Amino acid sequence: STQLYAALAGGEPFNLDSRCTEFDVATQDESVKVVSINDGDALGTDTEIQKVDVFATASIYQGQYKLKLNHSGGDAFSPCIEWDATAAEVESALENMTNVDSVRVERSGAADYDSKFGYTYSIFFDGHGMMVTPEGFNNPDTLEVLMGTEGNCNSFATIVNGVLMDFNGELGGGQQANVTSVTVDDGGYDLDAITANAMGLVKPELEMLPQVASLIGSAQSLSDYELGRTITLTFEENGSIQQLACGASEAFEDSDASCSVETVVDGNVLGGTFLLDTSDALPFDATELQVETALAEVWDVGTVSVSRSGPTPQLGYDWTITFIDAEGDRPLLDITSSLTGAGASATIVEATQGNELGGSFTLVYDNVATGAVSFDASTADLETLLEAVPGVSMVEVTTDSVVDTEGGRTWTVTFLDAAGDIKALAPETYALTGAGAAVTVVEVTKGSEALGDSLALSWPAPVECSTSQVTKGACGSPAEKVIFELDTAPNFKADPIYVEYELDYTVQKVLINAASLAGIAYENYAASGVFQLGYAGAETAYLSAQASPIEVRHALEALPGITAASVSRDYGGRVLEGFVVDAVYGYPFVKCASGETCNFYSSGVQMNDLIRVEGEWYRVATSYEASESTLPLAKLEDSSVALSYTGPTKYGSQLYGWSNGFEWTVTLHSVTTDTVEMLTSPAHSLAPADTSVSISLPDCDGCLYVDGLTPFTQYYMRAQTFNVLGASDYANHIAVMPKAIPGVPTDIEVEAVSGTQLEVFFSPPTSPSGDISQYTVQWDTDYTFKNVEASGSDASCWTSGYGSCEVEGAAIGGTPPFSYVM
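Residues numbered from 1 in each chain as written. Predicted model: local features only at pLDDT ≥ 70, side-chain atom pairs only at ≥ 80, totals over all residues. Heavy atoms only, no water.

Caption draft 1: Region of the structure containing the state of the cysteines. Enumeration over the complete set of coordinates arrives at five disulfides. One disulfide in the model links Cys80 with Cys153; its S-S distance is 1.9 Å. Handedness here is read from the sign of the S-S torsion; for Cys80 and Cys153, about -90 degrees, the answer is left-handed. A residue pair is termed long-range when its members are at least 10 positions apart, and Cys80 in the loop between strand E3 (74-77) and strand E4 (81-82) and Cys153 in the loop between helix H4 (148-151) and strand E8 (157-160) qualify at 73 residues. Across a sulfur-sulfur distance of 2.1 Å, Cys592 and Cys598 are joined as a disulfide pair. Note on the Cys592 and Cys598 pair: the S-S dihedral is about 90 degrees, so by sign convention the disulfide is right-handed. In terms of burial, Cys592 and Cys598 fall into one category: buried. (Disulfide = S-S within 2.5 Å. Helix = DSSP H or I, 4+ residues; strand = E, 2+ residues; numbered from the N terminus. Buried < 20%, exposed > 50% of the residue type's maximum accessible area, 1.4 Å probe, protein only.)

Pasting the structure below:
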């Protein structure tokens, strides 16, 4: 540091012991440091200014360019620069060029229609190596723009009907995108010491600088006998700006002239502190965290989220405070000002009024409405109101008891004795109060009857938005429907049946997946960073990778297209390929399914891993010892505590692992668009680099029934997904067969074989019944069969006086009639 100091002073590095007075410091920790202040603010009328414009005739979704600069005797090239790069990114790209030591970049524009769908970058060459000499030399050449193949960067493109198309190639029709550069001011010493007019020349030169908003007045004295004069500049109220400094050409200095600057009146800036309700004192420029921390100590405020904008030229700020868990509307905070500065004040205004549900709604079934259902109705009240509607009969209403901050809640209605699929309940909300108040009815489980002419269809949701074959940060056109085709011939040329299923985007899932984090010991790592969601062309504020449901909800409801939404959050799941298990209620483990080869340990499964079995999350217990076929289960909160499987028994269940991120289920209750649209996921800032944000519909699990088929007939089925651009390829066809409960046995006869034996003869049902695996023969001395069917009956093939026996295998393998001796 001492050598650097000496060099900056204008000489060669020297030994302090021989040239300067030695430091005399008792602690012997002396040092000399050089620091920069006001970095990037050393700009003046001698600074060269260039401008780069990015513009197009339509929204840009992809595009890069390079900049080339001839300076200091050679050419240098920037790396590829994104079309929407920030000012800091352009600044960094330029300063990475070997002939540029320092620049300052300011970006303007919003990539909207008014800014020609792009941005303008003002580039100030403020480095010492870029300064124009007093003789007028050393000017950097105007930047040259290299696009497309010339720069070996991504071409500029837009989205048309969900397809990425190049501007200057595929689009045609005068559609174009371009990047241009121009020199705005070539810098140098160009203010004439004798004739420069304050308002005519000094004002426009200074107003090109980013630190100067505007000069609103100027006065200059009469020249003295040596042609000297005083120029007084009045800046727009803009706080305090750095005092100007004079630079002069050699001719000016050779004339023994001098130039000095003096501040007559300082600008007005804020200082001091303020209080919010009973909070501790907050500085005038308090950070978001400082405001959140202070409010956390105030009674009845609860959890808040704070964002800050500013500063203004007078160092003023705006803080936006969102009350995360406040119920309904709340009174304004009191503010006490101890701010300094002329006219200093602090005010609080309500940006968005707190919202809460009230009133009632009705549910309509088959054109008949229930009585008024209170927004906070109990399960018993809702059951009573529904069962009073003709055709509804018996229902069971349950709730998860979760009530959001606006009084919203969810009821699950199960129709206990309805036959098959029934009409959906339709809500009427005219008596429901609260901004954006809405009721949404979603079918969770489709009703069905035990008929042999139907097939229940299930399929995974269409490909996620972020994996569509489009540019990064944009989605293809969303799927609109799926058409299923069934036929008795595998070539689908016999008598095909078509079934159309319209996709409903009321419920959508947002999943963060970080594949590269999978397999890290003890599962302690999750994706980090921020992302955004979009709807109808608008985008949310940035959301944390761990955002709470209420944070996601507030972000979505701040969009102009969404009036009311509800959000829940769970661990994100990813399919563990090849892991198909048998999950049996009450067992403390899951086991590789019969006929499957799981190889758990060889595939990297570890104790404490998160796994999902039939929708419920467990840990792999710490007792796991490298088994290839069995995984012991443990509590989600503590893998050392064993836990039994509590879901329904399922053989052949697909196992899921953690995606190393969260999944949010978003229900859009009320939107301003004509129909509910798909959410989108703009380019994110999540880590690691392979992290994805995907948006999809819930998988269909028996959500569609095809009726009118012939029982026990082999059908083949395939499907296509459609959007505005047309149809996808067909999925691989599968073989399916509608089945039913077998019909009753026929041609039943009984013969006495002996005094203690009877032989019964019977034939298969006449109705189609498929391959029958067994028949049950029962006998009793009572015509009501009360002995056989009594609770706890011991009826078997060998009981006396009554019995029940299964006839199977070879006994029913020949030509009917079949027989059984009792």
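Caption draft 2: The arrangement of a negative patch on the surface in detail. Together, Asp325, Glu327, Asp329, Glu350 and Glu356 make up a region of like negative charge exposed at the surface. Along the chain, Asp325 turns up in the loop between strand E16 (318-323) and strand E17 (335-340). (Patch = residues over 30% accessible without salt bridge, like charges linked within 9 Å, V, L, I, M, F, W, Y side chains within 5 Å. Areas by Shrake-Rupley, 256 points an atom, 1.4 Å probe, with all protein chains shown as cover. Salt bridge = Lys/Arg side-chain N within 4 Å of Asp/Glu carboxyl O. Lys, Arg positive; Asp, Glu negative; His and termini not counted. Charge placed at Lys NZ, Arg CZ, Asp CG, Glu CD.)

Caption draft 3: Molecular detail of the sheet that holds strand E39 (residues 685-687). Across the sheet, which stays open at both edges, the three strands sit in the order E32-E29-E39 with antiparallel pairing between neighbours. Two strands close off the open sheet at either side, each with one partner strand: strand E32 (543-544) and E39. Relative to E32, strand E29 (residues 528-531) runs antiparallel, the two sharing two bridges. Residue pairing in the sheet places Val530 in a bridge with Ser544 of E32. (Pairing = 2+ DSSP bridges.)

Caption draft 4: How the structure looks around the pattern of salt bridges. On inspection of all chains with the given rule, the structure shows 15 salt bridges. Between Asp366 and Lys423 there is a salt bridge; the shortest N-O distance is 2.9 Å. With Asp366 in the loop between strand E18 (358-365) and strand E19 (368-369) and Lys423 in the loop between strand E22 (411-415) and strand E23 (426-428), this pair connects stretches of sequence that are 57 residues apart. According to the relative accessible area criterion, Lys423 is exposed, its value standing at 51%. One salt bridge in this structure joins Lys509 and Glu663, with 3.9 Å as the shortest N-O distance. Here Lys509, found in strand E28 (residues 507-513), pairs with Glu663, found in strand E38 (residues 650-671); they are 154 residues apart in sequence, far enough to count as distant.

Caption draft 5: Representation of the side chain of Arg612. On the secondary structure map, Arg612 appears in strand E35 (residues 610-613). Look at Arg612: it is buried, it has no salt bridge, and the nearest opposite charge is Glu663 at 4.7 Å. Leaving out residues up to four positions away in the same chain, Arg612 has contacts with Gly573, Trp617, Gln654, Leu655 and Tyr656. (Contact = heavy atoms within 4.5 Å.)

Caption draft 6: Examining the environment of Asp29 more closely. Residue position: Asp29 is located in the loop between helix H2 (16-19) and strand E1 (48-56). Given a relative accessible area of 54%, Asp29 falls into the exposed group. Within polar-contact distance, the side chain of Asp29 engages the side chain of Thr27 at 2.5 Å. (Polar contact = N/O pair within 3.5 Å; in protein donor to acceptor, adjacent residues only side chain to side chain.)

Caption draft 7: Region of the structure containing a nonpolar patch on the surface. On the surface, a nonpolar cluster with roughly 250 Å² of combined accessible area is contributed by Val163, Val724 and Leu725. Positionally, Val163 belongs in strand E9 (residues 163-166). Its relative accessible area of 35% is what places Val163 among the partly exposed residues.

Caption draft 8: View of the sheet that holds strand E46 (residues 758-763). On the basis of which strands lie adjacent, the open sheet formed by three strands has the order E45-E46-E49 and antiparallel pairing. Of all strands in the sheet, those with a lone pairing partner are strand E45 (746-752) and strand E49 (818-821), marking the two edges. If you compare each strand with its neighbour and ignore which way they point, the axes differ by 15 degrees on average. For E46 and E49, the ladder comprises four bridges, and the chain directions are antiparallel. Residue pairing for E49: Phe761 is matched across the bridge by Ser819. (Axes fitted to C-alpha atoms, helices over the stretch in contact; angles between N-to-C directions.)

Caption draft 9: Spatial organisation of the pairing of E38. The buried fraction of E38 amounts to 16 of the 22 residues, a majority that puts the element mostly inside the structure. Taken together, the five bridges between E28 and E38 define a ladder with antiparallel strand orientation. When the bridges of E38 are listed, Leu511 appears paired with Glu663. Pairing analysis gives two bridges linking E35 to E38, with the strands arranged antiparallel. Bridged to Arg612 within E38 is Tyr656.

Caption draft 10: Looking closely at the nonpolar core. Phe484, Val510, Phe531, Leu556, Ile562 and Trp664 are the most contacted members of the largest nonpolar core, which totals 50 residues. At five residues, the largest contribution of residues to this core is made by E38. Apart from residues lying up to four places away in sequence, Val510 is in contact with Phe531, Leu533, Phe662, Glu663, Trp664, Val666, Leu679, Val693, Ser694 and Ile695. Formed by 31 residues, the second largest nonpolar core is a distinct cluster that contains Val54, Ile81, Tyr121 and Ala177. (Core = buried A, V, L, I, M, F, W, Y, C linked by side-chain atoms within 4.5 Å.)

Geometric descriptors of this kind do not, in isolation, establish any biological role.
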